[in-house]
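The primary structure of each chain is shown beneath.
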4 protein chains.
Amino acid sequence: MSKAAITTDSVYSMNENEYHKTTFTRIPPDKQQRILDAAIQEFAGKGYNAASINVIARNAGISIGSMYSYFASKEDLFMSVMDSGHNLLEQALKEVVDMPGDLYERMDKMIEVSQRYAMENHQLNQIYIEISTEGLSHLARRISLKMESMTAAIYHRLIDEAKAAGLVSMNLDTRALSFFLDNLVMMVQFSYASDYYRERLKVYAGDNSYNDPASLRTELMKFIRNGLLPRA
Amino acid sequence: MSKAAITTDSVYSMNENEYHKTTFTRIPPDKQQRILDAAIQEFAGKGYNAASINVIARNAGISIGSMYSYFASKEDLFMSVMDSGHNLLEQALKEVVDMPGDLYERMDKMIEVSQRYAMENHQLNQIYIEISTEGLSHLARRISLKMESMTAAIYHRLIDEAKAAGLVSMNLDTRALSFFLDNLVMMVQFSYASDYYRERLKVYAGDNSYNDPASLRTELMKFIRNGLLPRA
Amino acid sequence: MSKAAITTDSVYSMNENEYHKTTFTRIPPDKQQRILDAAIQEFAGKGYNAASINVIARNAGISIGSMYSYFASKEDLFMSVMDSGHNLLEQALKEVVDMPGDLYERMDKMIEVSQRYAMENHQLNQIYIEISTEGLSHLARRISLKMESMTAAIYHRLIDEAKAAGLVSMNLDTRALSFFLDNLVMMVQFSYASDYYRERLKVYAGDNSYNDPASLRTELMKFIRNGLLPRA
Amino acid sequence: MSKAAITTDSVYSMNENEYHKTTFTRIPPDKQQRILDAAIQEFAGKGYNAASINVIARNAGISIGSMYSYFASKEDLFMSVMDSGHNLLEQALKEVVDMPGDLYERMDKMIEVSQRYAMENHQLNQIYIEISTEGLSHLARRISLKMESMTAAIYHRLIDEAKAAGLVSMNLDTRALSFFLDNLVMMVQFSYASDYYRERLKVYAGDNSYNDPASLRTELMKFIRNGLLPRA
DNA sequence: TATGAATGAGATTTCATTCAT
DNA sequence: CATGAATGAAATCTCATTCAT
């Protein structure tokens with residue numbers, strides 16, 4: 001899954017992040033959430049540069065002075081939003097990681113989770129899309145690719161296990177494969193989160209591909225299974 | 001291919017677009033290009049919002065007044081850049097469209113062209129990535145998904161032909177398949193254009209996956225062929 | 001001496017000043033000093049306007065709320081700092097006032113004391129320099145020129161005594177002379193306290209003029225003696 | 001003379017300074033002056049930090065945007081003001097440099113010029129006073145002590161010539177002497193420019209010392225002559 | 001009394017766009 | 001046509017001060 005995925009254990013929690021001042025941790029959780037929600041909405045809707053902290057503060061019902069007592073800068077606020085998203089994503093992926101089953105069963109679950117997560121948190125996903133933009137590379141560098149590294153490791157392990165069990169053709173390169181699989185999942189995720197990618201999905205796969213996520217998932221699993229299973 | 005693709009004929013050409021004033025067509029082509037190049041560089045490097053058209057004008061060696069005599073607004077300049085990119089992409093894809101061969105041979109060529117195009121025009125590609133962002137959806141809507149529609153149509157035709165020839169399993173949905181295939185190609189393209197996606201590629205598929213595009217292409221083709229060919 | 005000088009008796013003491021609330025007198029003296037020290041450091045380093053009382057409070061280890069329970073405003077805190085400085089200066093000058101000797105012996109001592117005081121309390125001196133600034137005239141007016149008045153009176157008396165004793169030429173105006181003498185002492189004091197005036201001293205009198213205060217004092221005394229003694 | 005003085009040739013001219021953008025040189029001189037005047041007034045009245053560029057722009061009758069098209073920053077505007085002041089001062093001192101006469105005649109002229117310059121340009125002088133403040137040391141460093149270096153060199157030469165002519169006692173150190181003389185002139189200058197130092201002058205030398213500059217000058221010259229002339 | 005979260009006016013700076021020359 | 005000076009709304013961020021706990 002694009003920005004995170006099959007992780008083994010929660011490695012990241014809001015208390016450990018370094019992007020907000022300690023003041024922020026001392027205010028009521030619902031107020032914290034209200035602020036992050038306002039920020040997510042503004043960042044997702046307008047993009048990092050066009051987003052206005054004043055608007056975020058106003059929508060969150062706090063003063064601009066308070067905003068700056070919680071976050072040292074616009075960048076830090078943005079990073080905190082990213083972090084909170086990572087946490088959510090991690091939790092969403094817990095069920096994939098913790099489930100029993102082989103590569104295919106897990107891939108199926110992962111697609112389902114991705115779709116659901118994208119629909120429920122489409123604004124957060126829109127922010128993920130923007131972070132990959134060149135103009136935000138300085139921010140991307142700050143979060144680095146921690147999540148991706150973790151996800152990739154999981155893919156590598158699952159694929160190797162599947163190979164050992166005769167479930168994946170030996171002549172496919174594990175690493176390249178992990179890249180392709182995550183690409184497929186990530187694009188599904190994007191397609192359920194962003195307006196642009198949703199339209200694109202409809203153009204390619206038809207209008208009801210969006211409205212009937214289950215059957216898109218079925219089709220993707222057919223393609224993947226076909227692509228991986230050894231041929232006689 | 002993501003942003004454009006197997007097109008049969010040039011449908012789009014700079015003269016037909018509606019995003020620049022007629023004055024722009026009256027200046028020498030090399031001056032036109034200098035302006036577009038400066039715009040591409042600025043938009044790609046800083047993102048739409050952070051880009052400054054004053055800077056673009058300066059780098060292009062023209063006055064800001066002239067800039068506004070060619071383009072009515074920042075938006076229009078951006079749209080013109082997008083259009084010129086589409087033209088380039090179209091030309092790049094000509095060789096895929098015009099070649100003989102079945103689906104697999106064409107997919108192979110398409111991946112190769114995508115990689116090359118991404119490397120040669122990475123700034124343009126970075127702009128493509130940004131356009132899919134929510135904050136730029138009002139611009140994305142303006143160019144709409146004309147290119148994607150065209151590309152999708154080609155995919156659909158090729159896949160159906162391949163099915164008829166017994167080269168693609170009948171139990172795969174044509175439209176869903178076209179979506180997955182373009183996703184795979186698009187992500188490869190992104191990975192060779194943007195810093196962020198390049199790093200991601202390395203995380204998943206290893207450092208030399210980027211330096212050895214040919215073998216990544218080979219791996220992708222193995223996966224696709226496996227995924228599509230009917231099983232005995 | 002510029003900002004204070006040959007005073008006979010302590011006229012000014014912290015308890016009498018009007019710039020802090022009574023709560024300030026009730027806290028332990030070392031806490032008082034810690035607060036004033038933090039204020040001196042901040043005001044001296046950044047100047048009145050750029051100084052932040054939030055920073056002062058933090059550095060003093062007290063809350064901003066307490067700060068405002070001790071001092072009604074930034075202005076009052078600043079005035080209190082000035083007052084505490086005056087006290088220090090007064091004590092430093094005690095030894096000049098209380099010593100026996102004629103005008104020349106006292107001037108010599110005064111220069112020595114000024115140099116030492118400037119080096120030991122350079123931050124306080126930097127604040128004195130700033131108070132003379134036009135932007136702070138409303139504050140300067142508040143502390144007025146009490147100290148200067150006192151100092152001037154001493155000068156006048158000493159000079160008149162020296163004239164009576166035949167040690168100073170009768171054709172020099174007492175009041176103008178007191179002004180010139182204090183100017184000379186004050187500039188020496190500034191030159192040992194502020195970065196800017198130190199550099200200026202070096203430019204005029206050479207690098208070791210700063211490192212060898214004793215010989216600068218000797219030279220100044222030669223000049224003064226020459227300038228005041230009656231000619232045959 | 002404190003911030004400049006007996007210079008031989010104009011070394012500094014507005015066209016050579018580096019603190020404004022070229023745009024500034026292209027606007028009418030009276031507009032340039034209006035802007036500098038507004039800046040001088042604001043900086044002198046409130047001090048560097050408390051001064052507001054918005055206020056300066058408004059008082060100069062230009063937009064804030066124009067302000068920033070002339071000067072890249074508040075700092076640069078300030079530096080430009082300093083430079084224009086240096087130019088004025090230089091011109092004022094031309095008459096001292098160009099005149100015939102020995103050290104004493106020139107010192108007399110210098111005091112007169114300083115007094116006049118201070119009264120005519122008291123706001124500029126107030127800014128000079130502030131630049132020596134510790135909080136503005138980063139600005140002071142930018143202008144360095146060019147002017148002072150030049151002035152000091154002149155003093156050194158004049159004193160040595162006077163010594164050779166038997167007009168100055170040989171047992172006085174040339175460099176230390178130059179420092180003391182400039183201190184005396186500088187303090188007179190300050191006393192006619194700043195509110196604070198004017199009050200101080202009155203406290204020491206009486207109320208009419210300010211209103212009768214000529215006699216203060218006479219007194220100062222008596223003191224200097226006494227202090228320098230060799231004794232029989 | 002002590003605390004420190006909250007406030008918001010105001011400061012500096014940027015930049016798309018207009019328009020007189 | 002070309003130029004680039006002028007504009008001013010709006011953005012980020014600071015900090016003296018208040019006040020509920």
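Definitions and limits used
Residues numbered from 1 in each chain as written. Chains lettered and ligands numbered in written order. Predicted model: local features only at pLDDT ≥ 70, side-chain atom pairs only at ≥ 80, totals over all residues. Heavy atoms only, no water. Phe/Tyr/Trp six-rings, centres within 6.5 Å; stacked < 30°, edge-to-face > 60°. Buried < 20%, exposed > 50% of the residue type's maximum accessible area, 1.4 Å probe, protein only. Near = heavy atom within 4 Å. Polar contact = N/O pair within 3.5 Å; in protein donor to acceptor, adjacent residues only side chain to side chain. Helix = DSSP H or I, 4+ residues; strand = E, 2+ residues; numbered from the N terminus. Nonpolar A, V, L, I, M, F, W, Y, C, P; charged D, E, K, R; others polar. Least-squares fit on C-alpha atoms with pLDDT ≥ 70 in both. Contact = heavy atoms within 4.5 Å. Axes fitted to C-alpha atoms, helices over the stretch in contact; angles between N-to-C directions. Parallel < 35°, antiparallel > 145°, perpendicular 65-115°, else oblique. Left-handed = near helix turned anticlockwise from the far one by under 90°. Buried area = accessible area lost by both parts, 1.4 Å probe. Salt bridge = Lys/Arg side-chain N within 4 Å of Asp/Glu carboxyl O. pLDDT = per-residue confidence, 0-100.

**A short note on the packing of aromatic side chains**
Within this structure, the stated rule accounts for 46 aromatic pairs over all chains. When the centroid spacing of 5.8 Å and the interplanar angle of 10° are considered together, the rings of Phe-43 of chain D and Tyr-48 of chain D count as stacked. Overall, Phe-43 of chain D belongs to the buried group, its relative accessible area being 1%. A relative accessible area of 7% places Tyr-48 of chain D in the buried class. Following the ring pairs from residue to residue traces out a cluster consisting of Phe-179, Phe-180 and Phe-223 of chain A together with Phe-179, Phe-180 and Phe-223 of chain B.

**Here we look at the protein's contact with DNA strand F**
Taken together, the neighbourhood of DNA strand F is formed by 32 residues, with Asn-54 and Tyr-68 of chain A together with Arg-26, Lys-31 and Tyr-70 of chain D sitting nearest. What you see for DNA strand F is that sugar and phosphate hold 61% of its atoms within 4 Å of the protein. Here Arg-26 of chain D contributes a side-chain N or O atom positioned 2.6 Å from a phosphate oxygen of DNA strand F. Here a phosphate oxygen of DNA strand F sits 3.1 Å away from a polar atom, N or O, in the side chain of Ser-63 of chain D. Elements supplying a minimum of two residues to the surface near DNA strand F: α3 (53-60) and α4 (64-70) of chain A, α1 (22-26) and α4 (64-70) of chain B, α3 (53-60) and α4 (64-70) of chain C together with α1 (22-26) and α4 (64-70) of chain D. Broken down by element, the residue count for the surface near DNA strand F peaks at 5 residues, all from α4 of chain B. A class-by-class count of the residues in the surface near DNA strand F yields 12 nonpolar, 15 polar and 5 charged.

**So, the relation of the copies chain B and chain A**
With an RMSD of 0.3 Å, the operation that places chain B on chain A is a rotation of 179° combined with a shift of 0.0 Å along the axis. Such a combination of turn and shift is consistent with a two-fold rotation axis. Comparing contact sets, 99% of the residues at the interface of chain B also lie at the interface in chain A, consistent with an isologous, same-surface contact.

**What to know about the relation of the copies chain D and chain C**
Mapping chain D onto chain C leaves a residual RMSD of 0.3 Å; the transformation is a rotation of 179° accompanied by 0.0 Å of translation along its axis. Mapped onto chain C, 99% of the interface residues of chain D are again interface residues, and the two copies thus contact each other with one and the same surface.

**Re the packing of helix α6 (residues 103-120) of chain B against helix α10 (residues 174-191) of chain B**
Residues and elements named next belong to chain B. α10 packs onto α6 with a crossing angle of 30° between their chain directions and a minimal axis gap of 8 Å. Taken together, the axes of α6 and α10 are roughly parallel relative to one another. In the crossing of α6 with α10, the sense of the turn from one axis to the other is right-handed. Where α6 approaches α10, its residues Met-107, Met-110, Ile-111, Ser-114, Gln-115, Tyr-117 and Ala-118 are matched on the opposing element by Leu-181, Val-185, Val-188 and Gln-189. Along the lines of polarity and charge, the residues of the contact of α6 with α10 split into 8 nonpolar, 3 polar and no charged.

**Here we look at the interface of chain B and chain A**
Contact residues are listed per partner, giving 69 residues for chain B and 68 residues for chain A. Between chain B and chain A, a total of about 5700 Å² is buried, with carbon and sulfur atoms accounting for 62% of that surface. Per-residue buried area on chain B facing chain A is highest for Tyr-196, Tyr-204 and Phe-223 of chain B; these three make up 16% of the total on that side. Taken together, the connections running from chain B to chain A amount to 2 salt bridges. The interface formed by chain B and chain A includes 20 residue pairs in polar contact (both at pLDDT 80 or more). Those elements that place two or more of their residues in the side of chain B that touches chain A are α2 (29-46), α7 (122-131), α8 (137-143), α9 (146-164), α10, α11 (195-205) and α13 (213-228) of chain B. A total of 15 residues in the side of chain B that touches chain A trace back to one element, the largest contributor, which is α10 of chain B.

**Description of the protein's contact with DNA strand E**
Surrounding DNA strand E, one finds 32 residues, the nearest of these being Lys-31 and Tyr-70 of chain A, Thr-23 of chain C together with Asn-54 and Tyr-68 of chain D. Counting only atoms of DNA strand E within 4 Å of the protein, the sugar-phosphate share comes to 61%. Within the backbone of Gly-65 of chain A, a nitrogen or oxygen atom sits 3.4 Å from a base nitrogen of DNA strand E. One nitrogen or oxygen atom from the side chain of Ser-66 of chain A is found 3.0 Å from a phosphate oxygen belonging to DNA strand E. Of all the secondary structure elements, the ones that give two or more residues to the surface near DNA strand E are α4 of chain A, α3 (53-60) and α4 of chain B, α1 (22-26) and α4 of chain C together with α3 (53-60) and α4 of chain D. Sort the elements by how many residues they give to the surface near DNA strand E and α4 of chain C lands first, with 5 residues.

**Structural notes on the pattern of salt bridges**
Scanning all chains against the criterion turns up 41 salt bridges over all chains. The partner of Glu-219 of chain B in a salt bridge is Lys-222 of chain B, and the shortest N-O contact between them spans 2.9 Å. On the criterion of helical spacing, the pair formed by Glu-219 of chain B and Lys-222 of chain B is a turn pair, its members being 3 residues apart in helix α13. The partly exposed category is assigned to Lys-222 of chain B, whose relative accessible area is 25%. With its nearest N and O atoms 3.5 Å apart, the salt bridge here joins Glu-95 of chain C to Lys-109 of chain C. Of the two residues, Glu-95 of chain C sits in helix α5 (residues 74-98) while Lys-109 of chain C sits in helix α6 (residues 103-120), which places them 14 residues apart along the sequence.

**Considerations on the confidence of the model for chain A**
All names here are of chain A. Taken residue by residue, chain A gives an average pLDDT of 87. The fraction at 70 or more is 91%. The weakest mean pLDDT in chain A belongs to helix α8 (residues 137-143) at 82; the strongest belongs to α4 at 97. Ignoring residues within four places in sequence, the model shows residues 1-15, a span with pLDDT below 50, making 65 contacts including any to other chains.

**Quick word on helix α11 (residues 195-205) of chain D**
All names here are of chain D. Residues Tyr-196, Tyr-197, Arg-198, Arg-200, Leu-201, Tyr-204 and Ala-205 constitute the buried set of α11. In this structure Ser-194 caps α11, since a side-chain oxygen of it lies 3.2 Å from the backbone nitrogen of Tyr-196. Immediately beyond the C-terminal end of α11, within one or two residues, lies Gly-206, with a positive phi of roughly 95°.

**Quick word on the side chain of Ser-132 of chain D**
Secondary-structure assignment places Ser-132 of chain D in the loop between α7 (122-131) and α8 (137-143). With relative accessibility at 0%, the residue Ser-132 of chain D sits in the buried group.

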